[in-house]
Amino acid sequence: MNVIEQMQQELQALKERSNLRTLPALAHEGRNVIVNGQRMLNLSSNDYLGLAADRKLREEFLQELTVDTFLPTSSSSRLLTGNFTIYEELEQTLAQLFGTEAALVFNSGYHANTGILPAVSDTQTLILADKLVHASLIDGIRLSAARCIRYRHNDMKQLERLLAENHATYRQVIIVTESIFSMDGDVADLKELVRLKHAYDNVLLYVDEAHAFGVRGNQGLGYAEETGYIREIDFLVGTFGKAAASAGAYIVCQRTIREYLVNQMRTLIFTTALPPINIAWTLFIVRRLAGFKERRIHLKNISNILRNALKEKGYDCPSASCIVPMIVGASSDTILRAKELQRHGFYALPVRPPTVPEGTSRIRFSLTAEITEEEIKELIQYIQ
Ligand code: PMP
């Protein structure tokens, strides 16, 4: 069998297990998607604040633009000629908002997570990572020279045991977690993580706020802001592709870490910087983030309604955020249920292995502030 035939066989096996993925053909219309001519409410977007669906915001942004500021390319890495002043402006704004010494912006969350960990780790580094961290963090760990041990999801007791047993053997230990987990929508125990970090020497904390930036905290800076731990986190990372309705990612950190990354981080050094027009839009949103409080409150409210309804219907729902999974189990059953919701005009999607563990296929409701309470209540009626 040649390699192409082998690929065909593997794809066939995925299909038989209902785990074959395809790129869906869809059109967008504000908060709706149109699939095969059917208009559906999008319940699978990371546009948590509804900013991507907000035409007025884009109109306002367009008014500020001129041909000179509408720059769709940076033409270079930031280390060469791609470091436009708008980058510095965004980074200074972020550092000011977070109250940190520095900030650094990247092309995506994937670039951030696959670049930072290899840059700051060596063979004398131990990474202790939550079992459920995102694929980009796992890839970052794989690319690094560090040794890695995964601890059971949110199991602080096991993490403490691993720290006690191992920390003295290594130059540094980096604890890696998300703040809001992307598939279960539950939250990390930041208080305990910070306590553990301080309980041992040379322990650093890496927190990915991809799903919390914009959504949590009084100013929308994330779960670290909400819990008051911004200053305790050494690598506080977030993305702009979700609630901030843009693209890219950031770290807020000490000046030394920023300088080190500029010198060592391959996914920053060896890539063309995001276009200045994109950075300008991100800055436009970041400056308004604190003002989107009502959207955050509404989002919290509809998330609570859906979560409570799922629990009442007997589902195990670990969520504490606007990511509300309905864990079904078998992939085939999950697909059928998602199709049924779609038939009623709700674009909910199944999430299957390998994205989630075997036997935990789910419909992952990813709510946005554009969805009304009435729509959530209607959705609940169709959930068996
Ligand atoms: N971290 C987490 C927790 C994510 O869920 C994602 C994207 N789904 C990323 C990082 C990657 O971010 P980006 O889409 O900007 O590459």
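An unreviewed UniProt entry lists the protein chain under the name 8-amino-7-oxononanoate synthase, with Bacteroides oleiciplenus YIT 12058 given as the organism. For the record of the protein chain, the UniProt heading Cofactor (unreviewed entry) holds the text "pyridoxal 5'-phosphate".

Student: Quick question: what am I supposed to make of the sheet that holds strand S13 (residues 350-351) here?
Tutor: Sheet strands pair by backbone hydrogen bonding; their relative direction is either parallel or antiparallel. In spatial order, the strands read S11-S14-S13; together these three strands make up an open sheet with antiparallel pairing. Every interior strand has two partners, whereas the edge strands, strand S11 (323-329) and S13, have only one. Pairing between S13 and strand S14 (residues 361-366): two bridges, direction antiparallel. Paired with Pro-350 across the bridge in S14 is Ile-363. Together, S11 and S14 form the strand contacts of helix H12 (residues 293-312), whose direction differs from that of S11 by roughly 20°. Against the sheet, helix H13 (residues 331-343) touches S11, S13 and S14, its axis set at about 35° to S14.

Student: So what exactly am I meant to see when it comes to the site of the ligand here?
Tutor: If you check the shell around the ligand, you find 13 residues, and the closest are Ser-108, Gly-109, Tyr-110, His-134 and Ala-210. Tallying contributions element by element places helix H4 (residues 109-120) first for the shell around the ligand, with three residues. Split into classes, the residues belonging to the shell around the ligand amount to three nonpolar, eight polar and two charged.

Student: Can you walk me through the domain arrangement of the protein chain in this structure?
Tutor: Often, the extent of an interface is quoted as the loss of accessible area on bringing the components together. Segmenting the protein chain into domains produces domain 1 (3-54 + 293-381) and domain 2 (63-290). Of note, the centres of domain 1 and domain 2, computed from C-alpha atoms alone, are 26 Å apart. Across the boundary between the two partners, domain 1 contributes 20 residues, which contact 16 residues of domain 2. Elements with a contribution of two residues or more to the side of domain 1 that touches domain 2: H12 and S11.

Student: I would appreciate a short explanation of the packing of helix H3 (residues 85-98) against helix H11 (residues 276-288) in the present structure.
Tutor: Geometrically, a packed helix pair is captured by the angle between its two axes and the distance between the axes. Across the interface, H3 lies against H11 with an axial gap of 9 Å and an inter-helix angle of 25°. It follows from the interaxial angle that H3 and H11 lie roughly parallel. When you trace H3 past H11, the crossing you get is left-handed. For the pair formed by H3 and H11, the contact residues are Ile-86, Tyr-87, Glu-89, Leu-90, Thr-93 and Leu-94 on the first element and Pro-276, Ile-279, Ala-280, Thr-282, Leu-283, Val-286 and Arg-287 on the second.

Student: What's the story with the packing of H4 against helix H5 (residues 135-143) in this structure? I'm lost.
Tutor: Where H4 meets H5, the closest approach of the two axes is 7 Å, and the angle between their N-to-C directions is 30°. On the basis of the axis angle, H4 is roughly parallel to H5. H5 is crossed by H4, and the crossing has right-handed handedness. In contact with Gly-109, Tyr-110, Asn-113, Thr-114, Ile-116, Leu-117 and Pro-118 of H4, H5 contributes Ser-136, Leu-137, Asp-139, Gly-140, Ile-141 and Leu-143. Its residues assigned to classes, the contact of H4 with H5 shows seven nonpolar, five polar and one charged.

Student: I keep staring at the sheet that holds strand S12 (residues 346-347) and nothing clicks. Help me out?
Tutor: Read across the open sheet, the four strands follow the order S1-S2-S3-S12; overall the sheet is mixed. Each edge of the open sheet is held by one strand with a lone partner, namely strand S1 (27-29) and S12. Bridge analysis of strand S2 (residues 32-35) against strand S3 (residues 38-42) gives four bridges, and the strand direction is antiparallel. Each bridged residue has a counterpart across the sheet, and for Val-33 the counterpart in S3 is Met-40.

Student: What should I look at first to understand the nonpolar core in this one?
Tutor: Side chains that are nonpolar tend, in soluble globular proteins, to be buried together. Judged by nonpolar contacts, the single largest core of 113 residues is most densely connected at Ile-116, Leu-128, Ile-175, Leu-236, Ile-251 and Leu-367. Per element, the largest residue contribution to this core is six residues, and it comes from H11. Lining this core are residues from two domains, each supplying at least three of them: domain 1 (3-54 + 293-381) and domain 2 (63-290). When residues no more than four places from it in sequence are discounted, the contact partners of Leu-236 are Val-207, Glu-209, Ala-224, Ile-230, Ile-251, Val-252 and Cys-253.

Cut-offs used in this document
Residues numbered from 1 in each chain as written. Predicted model: local features only at pLDDT ≥ 70, side-chain atom pairs only at ≥ 80, totals over all residues. UniProt positions renumbered as here; feature names shortened; annotations may be inferred. Pairing = 2+ DSSP bridges. Helix = DSSP H or I, 4+ residues; strand = E, 2+ residues; numbered from the N terminus. Contact = placed C-beta atoms within 7 Å. Axes fitted to C-alpha atoms, helices over the stretch in contact; angles between N-to-C directions. Near = placed C-beta within 6 Å. Nonpolar A, V, L, I, M, F, W, Y, C, P; charged D, E, K, R; others polar. Domains from an automatic or database assignment. Parallel < 35°, antiparallel > 145°, perpendicular 65-115°, else oblique. Left-handed = near helix turned anticlockwise from the far one by under 90°. Core = buried A, V, L, I, M, F, W, Y, C linked by C-beta atoms within 7 Å. Buried ≥ 20, exposed ≤ 12 C-beta atoms within 10 Å, placed from the backbone.

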